[in-house]
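As a plain string of letters, each chain reads:
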Amino acid sequence: SAVAKDLDSCTVMYGFNIQEKWALASLTKLMTAVVAIEELDSNRIVLISERAMATEGIAGNLQLGGQYSVSDLVKAMLVLSSNRAAKAVADYYGFHQFVEKKPVKAVSLNMAQTDLIEPTGLSSGNQSTIGDLEKLISYIYKNHPEIFVITRQKTVVLSELAKNRSEEFLNINAFAQSRNDFWGGKTGY
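Residues numbered from 1 in each chain as written. Predicted model: local features only at pLDDT ≥ 70, side-chain atom pairs only at ≥ 80, totals over all residues. Heavy atoms only, no water.

Asks: Explain the environment of Ser-166 here, please?
Replies: With respect to the helices and strands, the residue Ser-166 is situated in strand S8 (residues 165-170). For Ser-166, the contacting residues outside a window of four places in its chain are Val-157, Leu-158 and Ser-159. A distance of 2.9 Å separates the side chain of Ser-166 from the side chain of Ser-159, its partner in a polar contact. (Helix = DSSP H or I, 4+ residues; strand = E, 2+ residues; numbered from the N terminus. Contact = heavy atoms within 4.5 Å. Polar contact = N/O pair within 3.5 Å; in protein donor to acceptor, adjacent residues only side chain to side chain.)

In structure tokens, the structure reads:
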């Protein structure tokens, strides 16, 4: 599946299997980031719980009991694809309430072929079409361009606030590392 669209003119230049449904994998974190940005104060401090640490993946080197701002956890989920950061944000909000916000947002964006059941993308139950993803990307482009700013950075710094410790990480997206014309985006399987 593929789509190429000019986001300024809304002109679709190419489309292939636009309505074919696929597992979203880590592309799920785009909607997780949107909901986090819209629902949570970016400066709020989130404690990394055992539940978050039990989530698959070590990206971002988050520490049990560590304290991170929502904005740093959003960076970790977008640039490093940190499942633990996505889970920590959802848990902080209230896991079930957070998960319920995602399909509501999808419906508001007319993403009728999208199913979102958890925040990380680890479940194959998170599914969508490239046509629906294009709607999400257009929404992000117009309403949350800071997501693209975050995802095109070559590196990000995450600060653990309790121990006053910061660590710099390379963006896992090869385009961010090698292309000066890269506007941003999210990796996924």
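Asks: Looking at this structure, I do not really get the pairing of S8. What am I missing?
Replies: One face of the sheet, then the other: side chains in a regular strand alternate in exactly this way. Relative to S8, strand S7 (residues 155-160) runs antiparallel, the two sharing six bridges. Each bridged residue has a counterpart across the sheet, and for Ser-159 the counterpart in S8 is Ser-166. From the end of S7 to the start of S8, which pair antiparallel, there are four residues, and Asn-164 there has a positive phi angle of about 50 degrees. (Pairing = 2+ DSSP bridges.)

Asks: For this particular structure, what's the right way to read helix H5 (residues 95-108)?
Replies: Since the α-helix packs 3.6 residues into each turn, any two residues three or four apart lie on the same face. The terminal C-alpha atoms of H5 lie 21 Å apart, and with 14 residues this matches the ideal 20 Å at 1.5 Å per residue to within 8%. For H5, the elements touching its buried residues are helix H1 (28-39), helix H2 (50-53), helix H4 (83-93) and helix H6 (130-143). (Expected span 1.5 Å × (residues − 1).)

Asks: I'm lost on the layout of surface pockets in this one. Help?
Replies: Using a probe with the size of a water molecule, rolled over the atoms, empty space left in the structure can be pinpointed. Quantified by volume, the largest pocket comes out at close to 900 Å³. Every residue lining the largest pocket is counted, 30 residues in all, and those nearest its centre are Val-3, Leu-27, Ile-130, Ile-137 and Lys-186. Listing elements by their share of the lining of the largest pocket, those giving two or more residues are strand S1 (2-6), strand S3 (21-23), strand S6 (127-129) and H6. Sorting elements by how many residues they give to the lining of the largest pocket places H6 first, with five residues. (1 Å grid on protein atoms, 1.4 Å probe; cavity = no way out; pocket = protein on both sides within 12 Å on 5 of 7 lines; lining within 4 Å. Points joined across faces, edges and corners; volume = space filled by probe spheres on them.)

Asks: Where do I start with the side chain of Ser-69 in this structure?
Replies: Here Ser-69 lies in strand S5 (residues 67-69). Side-chain polar atoms of Ser-69 contact the side chain of Ser-71, separated by 3.0 Å. Each residue touching Ser-69, except ones within four places of it in the same chain, is listed here: Ser-42, Arg-44, Ile-45 and Leu-161.

Asks: Can you walk me through the packing of H4 against H5 in this structure?
Replies: Packed helices, taken two at a time, are described by the angle between their axes plus the distance between the axes. It is at 6 Å that the axes of H4 and H5 come closest, and there the two elements cross at 105 degrees. By the angle class used here, H4 and H5 are roughly perpendicular. Where H4 abuts H5, its residues Lys-87, Val-89, Ala-90, Asp-91 and Tyr-93 lie against Phe-95, Gln-97, Phe-98 and Lys-101. When grouped by side-chain class, the residues that make up the contact of H4 with H5 number five nonpolar, one polar and three charged. (Axes fitted to C-alpha atoms, helices over the stretch in contact; angles between N-to-C directions. Parallel < 35°, antiparallel > 145°, perpendicular 65-115°, else oblique. Nonpolar A, V, L, I, M, F, W, Y, C, P; charged D, E, K, R; others polar.)

Asks: Could you clarify how one ought to interpret a nonpolar patch on the surface in this entry?
Replies: Taken together, the side chains of Met-13, Tyr-14 and Phe-16 define a hydrophobic patch exposed on the protein surface, amounting to about 350 Å² of accessible area. Topologically, Met-13 is positioned in strand S2 (residues 11-16). On the accessibility criterion, Met-13 (57% relative accessible area) is exposed. (Patch = residues over 30% accessible without salt bridge, like charges linked within 9 Å, V, L, I, M, F, W, Y side chains within 5 Å. Areas by Shrake-Rupley, 256 points an atom, 1.4 Å probe, with all protein chains shown as cover. Salt bridge = Lys/Arg side-chain N within 4 Å of Asp/Glu carboxyl O. Buried < 20%, exposed > 50% of the residue type's maximum accessible area, 1.4 Å probe, protein only.)

Asks: Mind showing me how you'd approach the pattern of salt bridges here?
Replies: Close approach of charged atoms lets side chains of opposite charge pair. Applying the stated criterion to the full structure yields nine salt bridges. For Arg-165, the salt bridge goes to Glu-167, with nearest N and O atoms at 3.4 Å. On the basis of relative accessible area, Arg-165 is assigned to the partly exposed category, the value being 29%. For Asp-181, the salt bridge is made with Arg-179, and the minimal N-O distance between the two is 2.7 Å. Judged by its relative accessible area of 40%, Arg-179 falls in the partly exposed class.

Asks: Got a minute to help me understand unusual backbone geometry in this structure?
Replies: The backbone of Ser-81 sits at a positive phi, close to 60 degrees, despite the residue not being glycine. Tracing the backbone shows Ser-81 in the loop between helix H3 (70-79) and H4. Residue Ser-81 is classed as buried on the basis of its relative accessible area, which comes to 12%. Although it is not a glycine, Asn-110 sits at a positive phi angle of roughly 65 degrees. Relative to the helices and strands, Asn-110 resides in the loop between H5 and S6. Residue classification places Asn-110 among the exposed positions, given a relative accessible area of 51%.

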